[in-house]
Amino acid sequence: MHSDKQTLFDEKERTLSGPSDYSADSYTYYNESTRADINNVRKQLELWFGIYPESEKEELKQKFKVAFYPTFYELYIYALFTKLGYSLEIHPDIPGTTKHPDYLARKDEELFYIEVKHMTMLTRNELSLENRKNVLLDAINKVDASNFVLKLEEITFKDSSQPSGKVIAKFFNDEISSHNPDLYTELLITSGFEAMPEVQYEDEKVRIKVILIPKSPMYRGTNSGSIGIHPLVTQIGNDSENIVGSLETKATRYGNLNAPYIICLNKQSVALDIMEVQQALYGSLQNSWSENPNNRNEKLKFTGNGFFGSKQNPKFTRVSGVYVTNANTANLATTANHVFRHNPQAQYPINFHINKPIKDILDVHENFPYN
C-alpha cells in the first residue's frame, strides 16, 4: 500500500546490494540500494523532505535526480535553519530583479536572505576527465578478480576521448589468467609488495598500470570488484582562492537588497580548515610589530586582502556574512563542521551566531549513517 504523500525516494522493494559503480547516478543508487547505511540516509533525507513545502517538493525531487549533492545541500540548509527556529520562504521575490535567492529566513523581527552554493573543486575539463575515469574504472572493476586484487597505479589519458572499456577489460582478463596466484603468494611472503608483477595496458588513448596482489586461498573465487587499492591522492596548499571565487559568483547576484544577505557554502573536503576559511574571508596572515624598541608587540594579523576586504578597502558589503560547511550524507555525526563569519563592513549587519555542532542541531545520532 502506497501513501499519496510526496516522498523523495520511491516506496518499493529494493534489490541493489554492494557498493555503487564509479559512474553511477547518485540518486538512482540511493533509491535502489539495500545497504543499511544508505537506508539510514534515505530515512534522514525523507525527514527533511517531509518538512519542505508541499508545493515545492516535486521540483526539489527532480533537482535531486539531476544534481544530487548540490540539492542535498539545499535541503540540508532548509532543515538546519528550520531547526534553528527560522521560517524559510523558498525563492522569494526581490524588487527590481527577476532573480530569486534560495531562501528568505524569518524569526520574530529578524529577517535575512540566504543563498546556497555547493562548491566543486573541479573545472569543467576536470569534471569531464573525472567522468571518463569513472567509466573506465567501472570496466576495470568488472575484470575477473577470482585470484587477484588489482592495485591501481596509473591511469593517464592521452586525449579527450573515451577509451574502450570492453577492449581494456578483455586485455586484463587475458593477461591476469596467465598468472599463478600461488607463485605470487610465495613471492609476496619472501619479497614483499615490491616484487608483485605490474601489468600495463596502453593504446593511443590511455595508459593503465596495475599491480597484481594475490588473494589468499580462502578468498579465491569470490565474486567482488577487482580494484582493491587506488593511488594515494594528496592536496598541496589550501583552497582559499577557490572559496573566494565561489563566493564572488553569488555576492552581487541580486543587486542591492534591503535586508541582510548571507551565503552558505559547502566545501567538499575531509575536514573543514577554519584557518583556511579565515584567510579566504579576511586575508592572509602576516607578522606585525611596533616600532617601539621597548615594546615590539609582535602579533599575527589578517592583511585584509580576502573576500571581505578591509576597513580601508571594503569588499562585497552586500554580503552580511558567510556560513561555510563540509557536510555530506556520510559525515553529519562525525567530521561535519561549520563556521559562520560576519562581514565587518556589511551594509546590513546581521546578529546571527551558530555555535552548536551540526549533529546536535539536526538531531543526528552519533553513529549515523550506521546503526
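Scroll up for the structure.
None of these values were measured; they are calculated from a predicted model.

J.: Honestly, the overall build of the protein in this entry has me stumped. Any pointers?
T.: Counting secondary structure elements, the protein contains 10 helices and 12 strands. Each of the 371 residues in the protein was classed as buried or not, and the buried ones make up 42%. Summing over all exposed atoms, the protein offers an accessible surface of approximately 20200 Å²; the carbon and sulfur share of this is 49%.

J.: Any chance you could explain the pairing of strand β4 (residues 148–157) here in plain terms?
T.: For β4 and strand β6 (residues 206–214), the ladder comprises 9 bridges, and the chain directions are antiparallel. By the bridge assignment, V149 is partnered in β6 with I213. Where β4 lies against strand β7 (residues 227–229), 2 bridges are found, and the strand directions are parallel. Across the sheet, the residue bridging to K151 is I229, located in β7.

J.: Explain the sheet that holds β6 here, please?
T.: Think of a sheet as strands paired side by side through backbone hydrogen bonds, with each pair either parallel or antiparallel. Strand order in this open sheet of 4 strands is β5-β6-β4-β7, and the pairing throughout is mixed. Where the open sheet ends on each side, the last strands, each with one partner, are β5 (198–202) and β7. Along the sheet, successive strands turn relative to each other by an average axial angle of 40°, direction set aside.

J.: What exactly am I supposed to notice about the environment of D174 here?
T.: Mapped onto the secondary structure, D174 falls in helix α6 (residues 165–177). C-alpha separation for the pair D174 and V143, spaced 31 residues apart in sequence, amounts to 9.7 Å.

J.: Honestly, the nonpolar core in this entry has me stumped. Any pointers?
T.: Considering soluble globular proteins, one finds that nonpolar side chains tend to be buried as a cluster. The biggest cluster of nonpolar side chains holds 47 residues, and the ones touching the most others in it are Y76, I77, F81 and I114. For this core, the element with the highest residue contribution is helix α4 (residues 68–83), accounting for 10 residues. Not counting residues up to four positions away in its chain, the partners in contact with I114 are I77, F81, P101, D102, Y103, A105, I262 and C264. Within the second largest apolar cluster, 25 residues are counted, among which are V244, L247, L272 and F307.

J.: Help me understand the pairing of strand β3 (residues 110–119) in this model?
T.: In terms of burial, β3 is largely enclosed, as 7 of its 10 residues are buried. Pairing geometry for strand β2 (residues 103–107) and β3, over 5 bridges, is antiparallel. What sits directly across from Y103, in β3, is I114. Hairpin connection of β2 to β3: 2 residues between the antiparallel strands, including D108 at a positive phi of 55°. With 7 bridges joining them, β3 and strand β8 (residues 261–267) adopt parallel strand pairing. Each bridged residue has a counterpart across the sheet, and for Y113 the counterpart in β8 is Y261.

J.: Help me out: how do you make sense of helix α9 (residues 274–282) in this one?
T.: A turn of α-helix holds 3.6 residues, and therefore any two residues three or four places apart point the same way. Along α9, the residues that are buried comprise E276, V277, Q278, A280, L281 and Y282. Measuring from the backbone nitrogen of M275 back to the side-chain oxygen at the start of α9 gives 3.1 Å, which picks out D273 as the cap.

J.: Can you walk me through the packing of helix α2 (residues 36–51) against α4 in this structure?
T.: Helix packing for two helices is described by the angle between their axes and how far apart those axes are. Contact pair α2 / α4: the axes reach a minimum separation of 10 Å and the direction vectors enclose 65°. Of the two possible hands of crossing, α2 and α4 adopt the one that is left-handed. Between α2 and α4, the contacting residues are L45, W48, F49 and I51 on the first element and F68, F72, L75, Y76, Y78, A79 and T82 on the second. Along the lines of polarity and charge, the residues of the contact of α2 with α4 split into 10 nonpolar, 1 polar and no charged.

Calculation criteria
- Residues numbered from 1 in each chain as written.
- Predicted model: local features only at pLDDT ≥ 70, side-chain atom pairs only at ≥ 80, totals over all residues.
- Heavy atoms only, no water.
- Helix = DSSP H or I, 4+ residues; strand = E, 2+ residues; numbered from the N terminus.
- Buried < 20%, exposed > 50% of the residue type's maximum accessible area, 1.4 Å probe, protein only.
- Areas by Shrake-Rupley, 256 points an atom, 1.4 Å probe, with all protein chains shown as cover.
- Pairing = 2+ DSSP bridges.
- Axes fitted to C-alpha atoms, helices over the stretch in contact; angles between N-to-C directions.
- Core = buried A, V, L, I, M, F, W, Y, C linked by side-chain atoms within 4.5 Å.
- Contact = heavy atoms within 4.5 Å.
- Polar contact = N/O pair within 3.5 Å; in protein donor to acceptor, adjacent residues only side chain to side chain.
- Left-handed = near helix turned anticlockwise from the far one by under 90°.
- Nonpolar A, V, L, I, M, F, W, Y, C, P; charged D, E, K, R; others polar.

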